[in-house]
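Structural characterization, general
If you want the building blocks of each chain, they are given just below.
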Amino acid sequence: MLVLGIETSTPQASVAIGSEQGVVASAMVSRGANYNEFLLPAIRFCLEESRLGYRNLGAVAVSLGPGLFSGMRVGVATAKAIAQTLSLPMVGMASLDLVAYEVRYSAKTICAVLDARRNEVFHAFYRSSPGGIQRMTEYRVEKPGQLAIGIASRPEEVLLVGNGSLLYRDMFEELGSVCEVGTMSHAFPNARSLVELSLPRLFREDFDSPYDLKPLYLRHSARRIQWERIRTERSA
Amino acid sequence: MNDVPRDPMGRPLTEPTAPSLADDAVLTQPTTAVKDLPIEEWDESTLVLGIETSCDETSAAVVKGGREILSNVIISQGDLHGEYGGIVPEVAARAHVEALTPVIGEALLRADATFWDLDAVAATLGPGLIGSLLVGVAEAKSIAAVLEVPFVGVNHLEAHLYSNLLTHPEAKFPALALVISGGHTLIVNALSDGDYDIVGTTIDDAAGEAFDKVARFLGLDYPGGPEIDRLSLLGNPEAVKFPRAMATESGFDVSYSGLKTAVINHVRKLETAGEAVVVEDIAASFQQAVVDIQVAKTMAAVEYVEAERVFLCGGVAANSGLRQGLGDACAARGISMTVPPMELCTDNAAMVAACATAMIRRGRTTSLDAAPDPNLRLA
Ligand SMILES: [Zn+2]
């Protein structure tokens, strides 16, 4: 089954096409920022270079974030439209899962950390399991300092990956040798991992419907937060 | 088109998908039949899917030959924004992501068409809220890419002009158009398809914005425009003589900021004096002032460009006072005024598809790397 993977939830956007036999084409850009300009030409490039057409696709996988709101929306909207037009099954995966999957051979506990801006990070903890990874915590958004306290309270050694761990490296390295910060090559979720990770779910027919798939925001809009604060103050 | 196979959810089934990469045949098989219609073949049977997500309405429509609406599905987010008393861009963008896929499915279903019947896909490119525009543009471009048909990025304001052409067979350019909504107040001299001159605008608030602000001040439900219109019918438009401020005496620009302030000051004065505030009278008097200002400026522009036809369009074109006032003024001058039915005054995708059809006939399509422009200009 040929899967089209779309990952646009961080400043690095990528698309990939692959099957159970491996990725046949991929395209990535880290300085484009405008996913609306990148995405369809990139998909076209991957299809043309591998002598395929949209009708050869068997499924669409998309990263749901957490990440940058606009990027997530463009990716999810594009994936939904392609799946809807071709009546293809689709699956949505979390960006943090993709980041953790990259370092799945580590014996340590894995913590995927992505920059959430406004001095916060998105994160989740994983342990490697046969053939993949197993998530142990909820997806969270927190101050990096809070995350550092959480890591310090754990008995085991932790490997941090993702651009959030690089951005706040100093804070995490202060924790000493229990905490290792991963390399730049694993800083961002990518569409190749997405294709690979989506296959087991596709084979299990554990599909998401394009009719109700939505990004993983983990945050309310700024206006909603403000509004709820006002309401609590009023009722207090 | 009647015997389109459907899946259990009632969605039209499309072409079967290909086997896995392991199948060598995949690599030699032609991908899709390219639907590259010469422009002269854009006749009465061409089908265009339009998508509109510039503000707080999620809409998709199928229009045949640029004139016949086969479907026009609109989901309004009014309820979502009501508690904030105005549109919250992030809330709007999130709602579009969730609503658009079912809205497109429903538009095709009602049109009794499949994706593969479409000859082009269009979406609003701007002006509007960037986060909202992104969703519609991304989906429209993706559908067009898969089908290998042209994508057309449409100017939202130009699309409003086509809401008149779409619903009135006799309507045609040249015309003087009043595009009036929560975001815009424009007097446009529309000479022909794609050739527009803006002759007047607002120097501060859009007309719909003034309606919403006054409504909020009066404690009315959001959206305030329709609420003021409803109360106006119960009140006396002569009760309070609000100023008819003309931004410039000679030009065609309007100003609504002063009028809004006058309403607020008047109500505060009544309250300080301990007098009763008759909301119906204030609503009626305010609405009458807006109508008088807008009709005066529009008719002055009609005279200036010697227009023989007036198009009224945009969300505020649903206002009964404005429809009546501008209609009477045009009748008195012996020229025709057209205004679309309510569901085509508010933001909708049928007008986007109609506008796109006219653009394709002029050879205008949009590249798949196009990005939306929140500040896109009409002229
Ligand atoms: Zn509009």
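Please refer to the structure higher up on the page.
To keep things clear, this report deals only with the structure shown in the data block. (Residues numbered from 1 in each chain as written. Chains lettered and ligands numbered in written order. Predicted model: local features only at pLDDT ≥ 70, side-chain atom pairs only at ≥ 80, totals over all residues. Heavy atoms only, no water.)

**Examining the coordination of the zinc ion**
Put simply, the rule reads: Keep in mind that water is not among the atoms, so a site may look incomplete; donors are the N, O and S atoms within 2.8 Å of the metal, or 3.2 Å for Na, K and Ca. Each residue's exposure class comes from its accessible area (1.4 Å probe, protein chains only) as a fraction of the maximum for that residue type: buried when under 20%, exposed when over 50%, partly exposed otherwise.
Coordination of the zinc ion by the protein involves H156(B) (NE2), H160(B) (NE2) and D347(B) (OD), with metal-donor separations of 2.1 Å. Accessibility expressed as a relative area gives 13% for D347(B), which makes it buried.

**Things to note about unusual backbone geometry**
Stated formally: Per the convention used, a helix needs a DSSP run of H or I reaching at least four residues, while a strand needs a run of E reaching at least two, with both numbered from the N terminus.
Cis geometry marks the peptide bond from G65(A) to P66(A), where omega comes out at 10°. For P66(A), the location among the structural elements is in the loop between strand 4 (59-63) and helix 2 (69-86). For the peptide bond that leads from Y222(B) to P223(B), omega is -5°, which places it in the cis range. Mapped onto the secondary structure, P223(B) falls in the loop between helix 5 (207-217) and helix 6 (224-232). A positive phi angle, close to 60°, is found at R117(A), a residue other than glycine. Mapped onto the secondary structure, R117(A) falls in the loop between strand 6 (109-115) and strand 7 (121-129).

**Here we look at the nonpolar core**
Short version of the rule: Among buried residues, the Ala, Val, Leu, Ile, Met, Phe, Trp, Tyr and Cys ones that are joined through side-chain atoms within 4.5 Å form a nonpolar core. Here, residues are in contact when the closest pair of their heavy atoms is within 4.5 Å.
The biggest cluster of nonpolar side chains holds 69 residues, and the ones touching the most others in it are I43(A) and Y54(A). Those residues in contact with I43(A) that sit more than four places away from it in its chain are L4(A), I6(A), V15(A), Y54(A), T78(A) and I82(A). If you look at the next biggest cluster of nonpolar residues, it comprises 46 residues, including L178(B), A215(B), I228(B) and L322(B).

**Some remarks on the layout of surface pockets**
Residue and element names in this part refer to chain B. Heads up, the condition is: The definitions used throughout rest on a 1 Å grid laid over the protein atoms alone, on which a cavity is an enclosed set of points accommodating a 1.4 Å probe that cannot get out and a pocket is an open set flanked by protein within 12 Å on both sides along at least five of seven lines; lining residues are those having an atom within 4 Å of a point. Grid points are joined across faces, edges and corners, and a volume is the space filled by probe spheres set on the points. In this count, Pro and Cys sit with the nonpolar residues alongside Ala, Val, Leu, Ile, Met, Phe, Trp and Tyr, while Asp, Glu, Lys and Arg are called charged and the others, Gly among them, polar. Here the limits of each domain have been adopted from an automatic or database domain assignment.
In this structure, the largest pocket occupies an estimated 1100 Å³ of space. Taken together, 36 residues form the lining of the largest pocket, with I87, S181, G182, G183 and D212 sitting closest to its centre. Among the secondary structure elements, those contributing two or more residues to the lining of the largest pocket are helix 4 (156-167), helix 5 and helix 6. Sorting elements by how many residues they give to the lining of the largest pocket places helix 5 first, with 6 residues. Of the residues in the lining of the largest pocket, the class split is 11 nonpolar, 17 polar and 8 charged. The residues that make up the lining of the largest pocket include at least three from each of domain 2 (33-162 + 347-361) and domain 3 (174-340).

**Focus on the packing of aromatic side chains**
Describing an aromatic ring pair means giving the distance of the ring centres and the angle of the ring planes. All names here are of chain B. To keep things clear, this is the line we draw: Side-chain rings of Phe, Tyr and Trp (the six-membered ring for Trp) are treated as a pair once their centres are within 6.5 Å; stacked means planes under 30 degrees apart, edge-to-face means over 60, and tilted covers the remaining angles.
In total, this model carries 6 aromatic pairs over all chains according to the counting rule given. Consider the rings of F173 and Y196, whose centres lie 6.1 Å apart with planes at 70°: the pair is edge-to-face. Taken as a pair, F173 in the loop between helix 4 and strand 6 (175-180) and Y196 in strand 8 (residues 195-200) lie far apart in primary sequence, 23 residues in all. Given the relative accessible area of 7%, Y196 is considered buried.

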